[in-house]
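Residue-level listing of the chains:
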Amino acid sequence: MHDFQYRKDELFCEDVPVKKIADEIGTPFYLYSAKTLLNHYRAYDSAFASIPHLITFAMKANSNLAILRLFAKEGGGADIVSAGELYRALAAGVDPQKINFAGVGKTAEEIRYALQSDILMFNVESSQELRKIDAVAGPMGKKARVALRVNPNVDPKTHPYISTGMKKHKFGISIDKALEEYKLAVSLKHIEVVGIHQHIGSQLTETAPYVDALRLLLGLVEELKRLGIPIRYVNVGGGLGITYENETPPHPKDLAQAIGPLLKDLKCILIMEPGRALVGNAGILVTQVLYTKEGDSKKFVIVDAAMNDLIRPSLYGAFHQIQPVIRRGRKPITADVVGPICESSDFLAKDREMEECLPEEYLAVMSAGAYGFVMASNYNARPRVPEILVKGDRHFVVRERETHADLVRGEHIPDFLK
Ligand code: LLP
């Protein structure tokens, strides 16, 4: 459930009419509901109440400071993949002891920054990385806490671009080699093994792949215990899907029911890294119709938001519902909703049945809270759009619209061209 609902025929975010915000700040913009964000976080948190756990929000899905702060105030942490994300998390007030650092390509500089910040742990993806972390931690007089990311070779049955836990993927350490890598890890002086990690993919709509992967992981945990390598944290990653169109993904409660029994007697702390499930349906992208156009074989609705603002349709063929901000009960049309960018791949929807709309009317692109703004670019020299957070009957600009001056910040024309 989310808090973008029609009252009569007008779309509201909580108690604020979306049109009011659009009239005030102009379009396009991302709009988030604080209530939905909280509800999603609490749904996860309470589903796992009977198991000691930590939710580290996968901030790659949405790294706005206000959203990070909102989860941090609920007791959440952050799953980061870069020094930039660490900087953001700390700036938002996330407790470093609730931060885990993922990713196949951490640089020495990033490792140093994370150690200085005393983060909870690194999720390590290769033996070279283990050695690198050891080498960086030594001169700092630190011992780095690590979990190894194990690739369980389980098919998550999702889009190939966002599936990660199979043999052919670049992620993690193959489950067959994991024991060997753990042995290496414990032999390194500046490494402390504390956990095990998996993340098999994103937008998962079934719990079975989690269960299969976790079973394999827990087998390894047993073996490690026998070898005197105790595991304190079991991290099952993120990946729970959301409803974009008519998917029926599991609720966190279903996930808890599926994996809870496996974890009950383990005496480990469970870590989860949801991204999309917390923020996806808590955000929309609001855009204005610029023109409508009858092509030879198609109708086009040309809007002021484009693939640089929301790239998911172009990149993954992803489906996002598009709804009128004011429903007028006009006849349905079938159209492509496209942006102003000079590429045929610049579309938000293809062959979409929608209510006929006219220039200057507002449309809401739904389920845009995850991997929306964070994947935006300045392509075609388009300033990135603002982000607005609603709480009750108030709204707050939590990120300003970029200016033209922002577009050229940091650029220099060298002397020889002057
Ligand atoms: N943990 C790790 C290690 C990850 O790589 C990811 C996502 C997550 C957690 C969070 O997954 P989530 O709960 O959000 O499914 N840009 C794509 C999604 C890429 C996901 C990358 N990794 C999209 O727009 O669908």
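Right above here is the structure, for reference.
Residues numbered from 1 in each chain as written. Predicted model: local features only at pLDDT ≥ 70, side-chain atom pairs only at ≥ 80, totals over all residues. Heavy atoms only, no water.

Caption draft 1: Geometry of the overall build of the chain. Scanning the chain for helices and strands turns up 12 helices and 21 strands. Considering only intrachain contacts with a sequence separation of at least 6, the fraction spanning at least 24 residues in the chain is 70%. With 52 positive and 52 negative side-chain charges, the chain shows a spacing of 5 Å between the two charge centroids. (Helix = DSSP H or I, 4+ residues; strand = E, 2+ residues; numbered from the N terminus. Contact = heavy atoms within 4.5 Å. Lys, Arg positive; Asp, Glu negative; His and termini not counted. Charge placed at Lys NZ, Arg CZ, Asp CG, Glu CD.)

Caption draft 2: Geometry of the packing of aromatic side chains. Scanning the model with the defined rule gives six aromatic pairs in all. Taken together, a centroid distance of 6.4 Å and an interplanar angle of 15° make the contact between Tyr30 and Tyr32 stacked. Tyr30 sits in the buried class, given a relative accessible area of 0%. Tyr32 sits in the buried class, given a relative accessible area of 1%. Centroid distance Tyr41 to Phe71: 5.6 Å. Interplanar angle 25°. Geometry classified as stacked. Of this pair, Tyr41 sits in helix α2 (residues 34–47) while Phe71 sits in helix α3 (residues 65–73); the two residues are 30 residues apart in sequence, bridging distant segments of the chain. Three or more aromatic residues joined by ring pairs form one cluster here, namely Tyr30, Tyr32 and Phe373. The positively charged end of Arg327 is found above the aromatic ring belonging to Tyr6, 3.8 Å away from the centroid. (Phe/Tyr/Trp six-rings, centres within 6.5 Å; stacked < 30°, edge-to-face > 60°. Buried < 20%, exposed > 50% of the residue type's maximum accessible area, 1.4 Å probe, protein only. Lys NZ or Arg CZ within 6 Å of the ring centre and 35° of its normal.)

Caption draft 3: Structural context of helix α5 (residues 108–116). Of the residues making up α5, those classed as buried are Glu110, Ile111, Ala114 and Leu115. Each buried residue of α5 sits inside an arc of 135° when the element is viewed along its axis, so together they form one side. For α5, the exposed residues set more than 90 degrees away from the buried face come down to Glu109 and Gln116. For α5, the secondary structure elements touched by its buried residues are α4 (83–91), β7 (99–101), β8 (121–124), α6 (127–137) and β9 (144–151). (Arc of directions from axis to C-beta.)

Caption draft 4: Broad picture of unusual backbone geometry. Here Thr27 and Pro28 are connected by a cis peptide whose omega angle stands at -5°. Here Pro28 lies in the loop between α1 (18–25) and β4 (29–33). Its identity as a non-glycine residue notwithstanding, Glu14 has a phi of 50°, on the positive side. The phi angle at Lys267 is positive, at roughly 60°, despite the residue not being glycine. Along the polypeptide, Lys267 turns up in the loop between α9 (252–263) and β13 (269–272). Residue class for Lys267 comes out exposed when judged on its relative accessible area of 80%.

Caption draft 5: Molecular detail of the layout of surface pockets. Estimated volume of the second largest pocket: approximately 550 Å³. Forming the walls of the second largest pocket are 26 residues, and the residues nearest its centre are Met1, His40, Ile242, Thr243 and Asn281. Mapped by element, the contributors of at least two residues to the lining of the second largest pocket are α2 and α10 (276–279). No other element matches α2, which puts five residues into the lining of the second largest pocket. For the lining of the second largest pocket, the per-class residue count stands at 12 nonpolar, 12 polar and two charged. (1 Å grid on protein atoms, 1.4 Å probe; cavity = no way out; pocket = protein on both sides within 12 Å on 5 of 7 lines; lining within 4 Å. Points joined across faces, edges and corners; volume = space filled by probe spheres on them. Nonpolar A, V, L, I, M, F, W, Y, C, P; charged D, E, K, R; others polar.)

Caption draft 6: Representation of the environment of Ala185 within the structure. You can see Ala185 is positioned in helix α7 (residues 178–187). Distance from Ala185 to Ile99, taken between C-alpha atoms, is 20 Å for residues 86 residues apart in sequence.

Caption draft 7: Structural detail: the nonpolar core. Core analysis: the biggest nonpolar cluster contains 101 residues, and Phe48, Phe122 and Val301 have the highest contact counts within it. Counting residues per element, this core draws most heavily on helix α8 (residues 208–226), which supplies nine residues. Look past the residues within four positions of Phe122 in its chain and what remains in contact with it is Phe101, Lys106, Ile111, Ala114, Leu115, Ile133, Ala144, Arg145, Val146 and Ala147. If you look at the next biggest cluster of nonpolar residues, it comprises 17 residues, including Val16, Ala364, Ile388 and Val390. (Core = buried A, V, L, I, M, F, W, Y, C linked by side-chain atoms within 4.5 Å.)

Treat this as a map of the structure, not an account of what it does.
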